[in-house]
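# Observations on the three-dimensional arrangement
Each chain, letter by letter, is given below.
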Amino acid sequence: MGTSGPADMAAVEIAAHHRRYLAAKRIFDIGLCVVALPVVMLAFAVCAVAIRLESRGPIVFRQERTGRHGRRFQMYKFRTMVENAEELKSGLQHLSIVPPPDFKIIDDPRITRVGRFLRKTSLDELPQVLNVLRGEMSLVGPRPTSFSPSTYQLWHTERLEVLPGITGLWQILGRNAATFDERLRLDIAYIDQMSFRTDIWILAQTMLSVVRRSGA
């Protein structure tokens, strides 16, 4: 039988360190969500009333997203569009300013007035705290895509090795990146340097970004 060399032992130690980090990251996610729950519930109530007063339809919008290891899950967001937004999407496809499989148009007519404010302040993402508590998402990580893993190229799949996040490196460094590939390179950069220091820095920068946009 052969013996393990230094390289093998180093690989084992790195894998063990990664597992410890992910376990601690999960505890951190749950702890922060529980501590913030009173404020989250108050903000949730205010947003829910505003959405209900403006337009018909569910307060919380559920959409299938791709998570860790390609598993599909229901991601929660506050509804920021009119009730039949998905039905209208096909008729607006030609106006998209990003290549498929992404979809984005300028001044999307499906977005409500309350929805524009929620998006500007990122409050539309607030219900994803439930996804974090359910273990489907993390506070920090690659944003989950709406399209299935079958759309991914082989090199894209690296982003599926970790839980998707409410915020990530792309949200603070590349919000205007036009293509999925450009955003994915930022996701991979995050995965390559995952640490509590990086996570806390991203969370802090996200909060600053939210405050600056709401004050604009």
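First, a word on what this report is: a plain description of the structure on this page. Just so you know, these numbers come straight off a predicted model, no measurement behind them.

What follows covers helix α6 (residues 180-192). For α6, with 13 residues, the first-to-last C-alpha span of 18 Å sits near the 18 Å given by 1.5 Å per residue. Listed in full, the buried residues belonging to α6 are Phe180, Arg183, Leu184, Asp187, Ile188, Tyr190 and Ile191. The arc enclosing the buried residues of α6, seen along the axis, measures out at 155°, which places them on a common side. Of the exposed residues in α6, those oriented more than 90 degrees away from the buried face are Arg185 and Asp192.

Turning our eyes to something else, we now look at the packing of aromatic side chains. Applying the stated criterion to the full structure yields four aromatic pairs. Centroid distance Phe28 to Phe196: 5.8 Å. Interplanar angle 70°. Geometry classified as edge-to-face. In this pair, Phe28 is assigned in helix α1 (residues 6-54) and Phe196 in helix α7 (residues 196-214), connecting sequence segments 168 residues apart. Judged by relative accessible area, Phe28 falls into the partly exposed class, the value being 26%. Residue classification places Phe196 among the partly exposed positions, given a relative accessible area of 29%.

What follows deals with the pairing of strand β1 (residues 60-66). Pairing between β1 and strand β2 (residues 72-78): seven bridges, direction antiparallel. What sits directly across from Arg62, in β2, is Tyr76. Between the antiparallel neighbours β1 and β2 lie five residues, among them His69 with a positive phi of about 60°.

Next up on the list: the side chain of Asp187. Topologically, Asp187 is positioned in helix α6. Setting aside chain neighbours within four positions, we find Asp187 in contact with Pro142, Arg159 and Trp170.

Cut-offs used in this document
- Residues numbered from 1 in each chain as written.
- Predicted model: local features only at pLDDT ≥ 70, side-chain atom pairs only at ≥ 80, totals over all residues.
- Heavy atoms only, no water.
- Helix = DSSP H or I, 4+ residues; strand = E, 2+ residues; numbered from the N terminus.
- Expected span 1.5 Å × (residues − 1).
- Buried < 20%, exposed > 50% of the residue type's maximum accessible area, 1.4 Å probe, protein only.
- Arc of directions from axis to C-beta.
- Phe/Tyr/Trp six-rings, centres within 6.5 Å; stacked < 30°, edge-to-face > 60°.
- Pairing = 2+ DSSP bridges.
- Contact = heavy atoms within 4.5 Å.

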